[in-house]
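Analysis of the macromolecular model
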Amino acid sequence: MSGQFSFSFSGDDIEDEQGGSTYAAPNVSAAVRPQPAASAFPVPGKPLLAASSHDLQHMLSRLPSKIAYSILDINIDGSGSIQLPRRELWDVRVQIMAEDDGGDTEPGLGNHDVKTGVYEGGFKSWESSVDLVKVLSLSKYFLADMDIAPKIIELGCGTGLPSLALFQWSFGLRARDKASVPVLSLVLADYNPTVLQLVTLPNFILCWALHQRADLPILKDALSSEGELDLTPEVLQAFQEFLSDRNISLSFFSGSWSKEFVDLIGHDETAETENRHRRQTVILGAETIYSPFALGAFTQTVFSLIEQERARGDVAEALVGAKKLYFGVGGSLDDFVTKARELGANVEELREETEGVRRGVVRCSLP
C-alpha cells in the first residue's frame, strides 16, 4: 500500500491570477480521484513523528545564504488585497540537492500532495488557507487592542499564509513601544520539521524584510536582486531584534497530533504573557481534515487546546477551513462540524465558496 494520494492539484501550488502568484482554484477531475485505501491512514509499520519543539536560534543558524521568493496577491473580496511572500519551491529543491547526503529524497517534493505519516502537504499552499486569510481580514483589528495578548496557533501550518497575514497586519496595527504593547505569540506547527525549516520560517523572514526595507539600509542591499533575499548574519540579527522590539514571539512545533503534542504547546514558555493582559487564543487549521484518521486526530487536538487555554482563564476559539468533501478519502467539513457539535461546541459558518471545489470556513468555541 503506497500511503500517498493527490487532491487533484497535479502537484502544483496555488498561483497568481496575474502570472506571478495570486490564488486560482484548481479543477477537479472525476477521472483522477484517488482511491481511499492508499491514503487516508498512516503507513503500515511506520511510526508517526513524535511531538517536538524547535529553537528559533538553531533554525536561523541552518538557513541558506540566499532564498528566492514570489508574491501571492490575495484579493480580499473587493476590499483591498494583501501580498504575502512565499519561498519558491524550486529554491527548496535546490537547497535540498546541495545538502544531499545520499539519503532518501525529501518527502513532499514529488508529484503527490500528501503521504500520510510521512509528509502532510506543507510545502504547498492550499485554497482553504487563502479562505482563512479572507476571514481573518474582517477581525484583524483585535491585534490593536492593548488589553489583549493575542496567541495564534496554526496547526498544519505549511507555508503559513493565515499566520503570515496576521504577522504582516500587526506591523501597522500594534504600537511599537515594547514596554506597553502585549506580546503577540505566533505558534507554528506542522507534522514535518523540514517544512518549518525550509518554508515556514523563511516566509516570515521574507514578510518582515519586504515590509521593513524602507527603514533598514541592510535590507535594501539584501533585496537588491529581483526575487531574492540575502540572509546575511546582519539580516538575521535585525530580524530577531525586530521581533524583540515589537514583542512578537515565534514558536515552532512538529510531529503528530497527540496528547504529547498538546502538552508540549501548553508548556511553551515563550508564549506566556503578563498577568495584566488578557490572552485571546485563535487556533487555525486549513485543509487538515482530509481523511477520517486526520479528522479525528485534528478535532481532538483542537478541542484539547481550547480546553487547555480556557483552564488558564483565557478566551479561545478555532477557525477551520476545509473542502466540503475530499473525494475518495472520506474527510469533509460537514463531518468536522458534526464531531465538533458532538463535543458540545458552538459552530458557526463564516464563509462558503461555491465556485470550483466547494469549501467553507467555520468558527468553533466551547460554551
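The shown structure was predicted, so the numbers you read here are calculated from the model rather than taken from an experiment.

Turning our eyes to something else, we now look at the overall build of the protein chain. When helices and strands are counted, the protein chain shows 10 helices and 13 strands. Of all 367 residues assigned to the protein chain, the portion counted as buried reaches 56%. Partitioning the intrachain contacts of the protein chain with sequence separation of at least 6 by distance along the chain shows that 75% fall at a separation of at least 24. Of the roughly 15600 Å² that the protein chain leaves accessible, carbon and sulfur atoms contribute 48%.

Moving on: the packing of helix H8 (residues 259–266) against helix H9 (residues 292–311). Two elements in contact, H8 and H9, have axes whose closest approach is 10 Å; the angle formed by their N-to-C orientations is 35 degrees. Note on packing geometry: the crossing formed by H8 with H9 is right-handed. On H9, the residues that touch Phe-261, Val-262, Asp-263, Ile-265 and Gly-266 of H8 are Thr-301, Ser-304, Leu-305 and Gln-308. Among the residues making up the contact of H8 with H9, the classes are represented as four nonpolar, four polar and one charged.

Once that is clear, we can look at unusual backbone geometry. The phi torsion of most residues other than glycine is negative, and most of the peptide bonds are trans. Here the phi dihedral of Asp-77 falls at roughly 50 degrees; this positive angle occurs in a residue that is not glycine. Assignment of secondary structure puts Asp-77 in the loop between strand S3 (66–75) and strand S4 (81–87). Within the chain, Glu-287 stands out as a residue other than glycine whose phi angle is a positive 55 degrees. Secondary-structure assignment places Glu-287 in the loop between strand S10 (278–286) and H9.

All right, on to the sheet that holds strand S7 (residues 184–190) then. Strand order in the open sheet made by the eight strands is S2-S9-S7-S6-S10-S11-S13-S12, with mixed pairing throughout. Where the open sheet ends on each side, the last strands, each with one partner, are strand S2 (52–54) and strand S12 (346–353). Each adjacent strand pair in this sheet contributes to an overall mean axis angle of 20 degrees, direction not counted. Of the strand pairs in this sheet, S12 and strand S13 (residues 359–365) are connected by seven bridges, and their pairing is antiparallel. When the bridges of S13 are listed, Arg-351 appears paired with Val-361. Contacts from helix H4 (residues 161–173) reach strand S6 (148–155), S7, strand S9 (248–254) and S10 within the one sheet, and its direction differs from that of S6 by about 155 degrees.

Right, let's get into the sheet that holds strand S8 (residues 228–230). As summarised here, the arrangement of the three strands in space is S4-S3-S8, forming an open sheet in which the pairing is antiparallel. Both edges of this open sheet fall to S4 and S8, since each of them pairs with a single strand only. Averaged over all adjacent pairs, the angle separating strand axes in this sheet is 35 degrees, with direction ignored. Inspection of the sheet shows S3 paired to S4 by seven bridges, in the antiparallel sense. Note on S4: the bridge partner recorded for Ile-71 is Pro-85. Across the sheet, helix H3 (residues 127–137) is in contact with S3 and S4; its angle to S3 comes to roughly 60 degrees. The sheet contacts of H4 involve S3 and S4, and relative to S4 the element is tilted by about 120 degrees.

Conventions adopted
Residues numbered from 1 in each chain as written. Predicted model: local features only at pLDDT ≥ 70, side-chain atom pairs only at ≥ 80, totals over all residues. Heavy atoms only, no water. Helix = DSSP H or I, 4+ residues; strand = E, 2+ residues; numbered from the N terminus. Buried < 20%, exposed > 50% of the residue type's maximum accessible area, 1.4 Å probe, protein only. Contact = heavy atoms within 4.5 Å. Areas by Shrake-Rupley, 256 points an atom, 1.4 Å probe, with all protein chains shown as cover. Axes fitted to C-alpha atoms, helices over the stretch in contact; angles between N-to-C directions. Left-handed = near helix turned anticlockwise from the far one by under 90°. Nonpolar A, V, L, I, M, F, W, Y, C, P; charged D, E, K, R; others polar. Pairing = 2+ DSSP bridges.

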